[in-house]
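A structural walkthrough
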Amino acid sequence: MRLGVLDIGSNTVHLLLVDAHPGARPVPYASHKRRLSLVQFLDDDGNINDTGQHELVEFVLEAWEFAAKHKADDLLAFCTSAIREATNGAAVLARVKHETTVTLRELSGSEEASMTFFAVRRWYGWGAGPILNLDIGGGSFEMALGQDELPELAMSVPLGASRLTRDWLPKDPPSAKSIKELRRYIRSTLKPAVRKFEKLGRPNLVAGTSKTFRSLARIAGAAPSAAGPYVKRELLALDLGLWAQRISAMEVGDRLHLPGVSEARAPQVLAGALVAEAALEMFEFDSLVTCPWALREGLILRRLDQLVFEGPVDAAPHVAEQPPARLQSPEKAS
């Protein structure tokens, strides 16, 4: 069967289609994504403004049409911190439902961390023993630890790379004072969370998911994505510290010349490096490995497990039915 996962993140909106069945690994079939930083559309009261909402609705319609064109049997649609923490998040979800008929499920921070951990566990297997997984998103930073398929503890803190860049590093390049203040804020935010994890014992493996960790590992010398998903990619704390110092002196334009850094990620790679550096230091680990599976894969695998008991699914209504007419942009409507 063909499953689709529509991921409304803080930096990008992404539809991934995979071919899979219970007991098999999901094989990517096609994807459709767009850079859409919803946190950039927040007003002073924390609301996603009308322009941001319109961009979101337009992409959901695109994703729906893409899924229908490629004959998806089921579509999982979810959103994370960008909408979860917006003051008008509920109203945004209602508008998307009304104008597209697609229901976006709002994942809590702990659910997001748990489903990402679930994917990491499936990737590394039982032989990995207790795993600590770290995930740096655009709006939040998730941590999860456990020795089973689902973690014993899963937490989310507001330390996303895009959020921190917007709030703490407005200048290009950032000032030494702003970096120092951000380092202090990251550590003070992480400290109570790390204390809770310490009670669970020390993991055998520390994994890093998300594009931020993959970019940082690539900057530090890890194999490029073209080498395939089965190549081990390690990020050393020592290398991370050195590169954090170098990136802090670079303008955004210069960061584009670093391996693995896209135009979308260049502004926030420093904030991501500072979070990663603080996390490894405070959890007292010298390195981590990057995992190619993360939240989307976790949700797909969980859905496949459900099908073992539920049987085949009917096509999702928002895939099988004719999509609503595309909305006019505010400019055209006027």
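Look a little higher up for the structure.
Residues numbered from 1 in each chain as written. Predicted model: local features only at pLDDT ≥ 70, side-chain atom pairs only at ≥ 80, totals over all residues. Heavy atoms only, no water.

Some details on the overall build of the chain
Check the secondary structure of the chain and you find 13 helices and 11 strands. Relative to the globule expectation of 20 Å for 334 residues, the C-alpha radius of gyration of the chain, 20 Å, shows essentially globular dimensions. Across the 334 residues of the chain, 54% fall into the buried class. Intrachain contacts of the chain at a sequence separation of at least 6 include 72% that bridge at least 24 residues. Accessible area for the chain stands at about 15200 Å²; split by element, carbon and sulfur atoms hold 51% of it. Each charge class in the chain was averaged separately, 39 positive and 41 negative side chains, and the resulting centres sit 4 Å apart. (Helix = DSSP H or I, 4+ residues; strand = E, 2+ residues; numbered from the N terminus. Rg over C-alpha atoms; globule rule 2.2 N^0.38 Å. Buried < 20%, exposed > 50% of the residue type's maximum accessible area, 1.4 Å probe, protein only. Contact = heavy atoms within 4.5 Å. Areas by Shrake-Rupley, 256 points an atom, 1.4 Å probe, with all protein chains shown as cover. Lys, Arg positive; Asp, Glu negative; His and termini not counted. Charge placed at Lys NZ, Arg CZ, Asp CG, Glu CD.)

Quick word on unusual backbone geometry
Cis geometry is adopted by the peptide bond preceding Pro173, which originates at Asp172 and carries an omega value of -5 degrees. For Lys71, which is not glycine, the phi dihedral falls at a positive 60 degrees. Tracing the backbone shows Lys71 in the loop between α1 (50-69) and β4 (74-79). Residue class for Lys71 comes out exposed when judged on its relative accessible area of 64%. Its identity is not glycine, yet Ser210 carries a phi of approximately 100 degrees, on the positive side. Of note, Ser210 is situated in the loop between β9 (205-209) and α7 (211-219).

So, the side chain of Thr212
Turning to its location among the elements, Thr212 is positioned in helix α7. Classification of Thr212 as buried rests on a relative accessible area of 6%. Discounting chain neighbours no more than four positions away, the residues touching Thr212 are Ile136, Ala161, Arg265 and Gly272.

Observations regarding the nonpolar core
The nonpolar side chains of a soluble globular protein tend to be buried with one another. Grouped together as the largest cluster of nonpolar side chains are 48 residues, with contacts concentrated most on Leu134, Phe141, Met143, Ile186, Leu190 and Phe283. Where this core is concerned, the elements lending two or more residues are β6 (131-136), β7 (141-146), β8 (153-157), α5 (161-168), α6 (176-198), α7, α8 (237-248) and α10 (269-283). Ranked by residue count, the leading element in this core is α10, at 12 residues. Within the second largest apolar cluster, 30 residues are counted, among which are Val13, Ile48, Phe59 and Ile83. (Core = buried A, V, L, I, M, F, W, Y, C linked by side-chain atoms within 4.5 Å.)

With respect to the pattern of salt bridges
Taken as a whole and judged by the stated rule, the model has 15 salt bridges. Across the salt bridge formed by Arg95 and Asp50, the nearest N and O atoms sit 2.8 Å from each other. Here Arg95 is found in helix α3 (residues 89-100), whereas its partner Asp50 is found in helix α1, with 45 residues between them in sequence. For Asp50, a relative accessible area of 45% gives the class partly exposed. (Salt bridge = Lys/Arg side-chain N within 4 Å of Asp/Glu carboxyl O.)

Focus: a nonpolar patch on the surface
Together, Leu236, Leu238 and Leu242 make up a nonpolar patch on the protein surface, roughly 290 Å² of accessible area in all. Relative to the helices and strands, Leu236 is located in strand β10 (residues 234-236). Relative accessible area serves as the criterion here: at 36%, Leu236 is assigned to the partly exposed category. (Patch = residues over 30% accessible without salt bridge, like charges linked within 9 Å, V, L, I, M, F, W, Y side chains within 5 Å.)

Quick look at the pairing of β4
Counted residue by residue, β4 has 6 buried out of 6 residues, so it is predominantly covered. Burial of the side chains of β4 extends over both faces: Asp74, Leu76 and Phe78 are buried on one face and Leu75, Ala77 and Cys79 on the other. Relative to β4, strand β1 (residues 2-8) runs parallel, the two being bridged by 6 bridges. Counted as the bridge partner of Val5 is Leu76 from β4. One ladder, built from 2 bridges, connects β4 with strand β5 (residues 105-106); its direction is parallel. Paired with Phe78 across the bridge in β5 is Arg105. (Pairing = 2+ DSSP bridges.)

Any link to function would need more than the numbers given here.
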